Amino acid sequence: MIGFYGWLTAAIVVLSLLVGAGSHAARPAALGEALRAHGVLGPRPRRLAAAVLPVTEGALGVVGVAALTTGHQRLLQGVLAAAAALLALYALYTRHVLALGRGGPCGCSRRDLPLSRWVTRRAAALAGLAAAGAVIAGAGPVRLSTAELVTLMLAAPSCTALLWSLPAAMHEPVPATVHRPAPASVMTAPAAAHDHPPTNATVHRTTEGVSSRWISPPAP
């Protein structure tokens, strides 16, 4: 079964690279805006990273698919090793940004997803999977049975989708209490102030303290 799990690991990493490249292609300016919001890189390194990283992800993903479909072990090993380095670099970068107390979007999603420790953990998990897959791929060629191949085709996209949605799934609103001001006519009666119950507010907070708030109706 080590052969099946090795192929599953490689497929998850390759699909994640393609999903990341697709997200950047859908919103080309999102990565540059995120890097600018983080305030870590200068203008020139920021533009270079925003241009190179999506292309690198896409190239590694395409080559990885070719290596998986053709069974080219050495090529797959090289792709996974490069992906492990790229993902580990991204994990270290996001951890550095969080350690500095900076906020902003993660730049890794088609929607505005705030940077959090779960983005770092996802990148670290993918880097570990890529490194493990590179070691397994170097052990030699592996032949999968028809049942294993069908299982792989079903399991790899599902595991990739679950892992990719981890930061969004773990970013839960924090309930807060906001007191609605009483009307001017009611302010004259001190006892009437208790007739207006507090309103529930939903607060989105990141590790850096950046929040976005909107008021929701009171719970029944």
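Residues numbered from 1 in each chain as written. Predicted model: local features only at pLDDT ≥ 70, side-chain atom pairs only at ≥ 80, totals over all residues. Heavy atoms only, no water.

Draft legend 1. The arrangement of the packing of helix α4 (residues 73–99) against helix α5 (residues 117–137) in detail. In contact at an axis separation of 7 Å, α4 and α5 are set at 160 degrees when each is read in the N-to-C sense. As far as their axial angle goes, α5 and α4 are roughly antiparallel. Viewed along their axes, α4 and α5 form a crossing whose handedness is left-handed. Residue composition of the contact of α4 with α5, by class: 19 nonpolar, 5 polar and 2 charged. (Axes fitted to C-alpha atoms, helices over the stretch in contact; angles between N-to-C directions. Helix = DSSP H or I, 4+ residues; strand = E, 2+ residues; numbered from the N terminus. Parallel < 35°, antiparallel > 145°, perpendicular 65-115°, else oblique. Left-handed = near helix turned anticlockwise from the far one by under 90°. Nonpolar A, V, L, I, M, F, W, Y, C, P; charged D, E, K, R; others polar.)

Draft legend 2. Looking closely at the environment of A127. Of note, A127 is situated in helix α5. Residue class for A127 comes out buried when judged on its relative accessible area of 10%. Along the backbone, A127 and L86 are 41 residues apart, and their C-alpha atoms lie at a distance of 7.8 Å. Ignoring sequence-local partners within four residues, the contact set of A127 consists of A84, L87 and A88. (Buried < 20%, exposed > 50% of the residue type's maximum accessible area, 1.4 Å probe, protein only. Contact = heavy atoms within 4.5 Å.)

Draft legend 3. Main features of the packing of helix α3 (residues 43–70) against α4. Interhelical geometry of α3 versus α4 gives an angle of 150 degrees and a closest axis separation of 9 Å. By the angle class used here, α3 and α4 are roughly antiparallel. Here α3 and α4 pass one another in a crossing that is left-handed. In this structure, α3 contributes L53, T56, E57, L60, V63, G64, A67 and L68 to the contact, and α4 contributes L75, L76, V79, A82, A83 and L86. The residue makeup of the contact of α3 with α4, split by class, is 11 nonpolar, 2 polar and 1 charged.

Draft legend 4. Representation of helix α2 (residues 30–38) within the structure. For α2, every residue scored as buried is listed here: A30, L31, G32, A34, L35 and H38. Directly after α2, the chain includes G39, whose backbone phi takes a positive value near 70 degrees.

Draft legend 5. Representation of the packing of aromatic side chains. According to the stated counting rule, one finds 1 aromatic pair in the structure shown. Their ring planes at 70 degrees and their centres at 5.5 Å tell us that F4 and Y5 sit as a pair that is edge-to-face. Classification of F4 as buried rests on a relative accessible area of 9%. Of note, R121 hangs over the ring of W118, and the distance from its end group to the ring centre comes to 4.5 Å. A cation over an aromatic ring shows up here: R122 above the ring of W164, its NZ or CZ 4.2 Å from the ring centre. (Phe/Tyr/Trp six-rings, centres within 6.5 Å; stacked < 30°, edge-to-face > 60°. Lys NZ or Arg CZ within 6 Å of the ring centre and 35° of its normal.)

Draft legend 6. The arrangement of the environment of L98 in detail. One can find L98 in helix α4. The sequence separation of L98 and L115 amounts to 17 residues, and the corresponding C-alpha distance is 7.9 Å.

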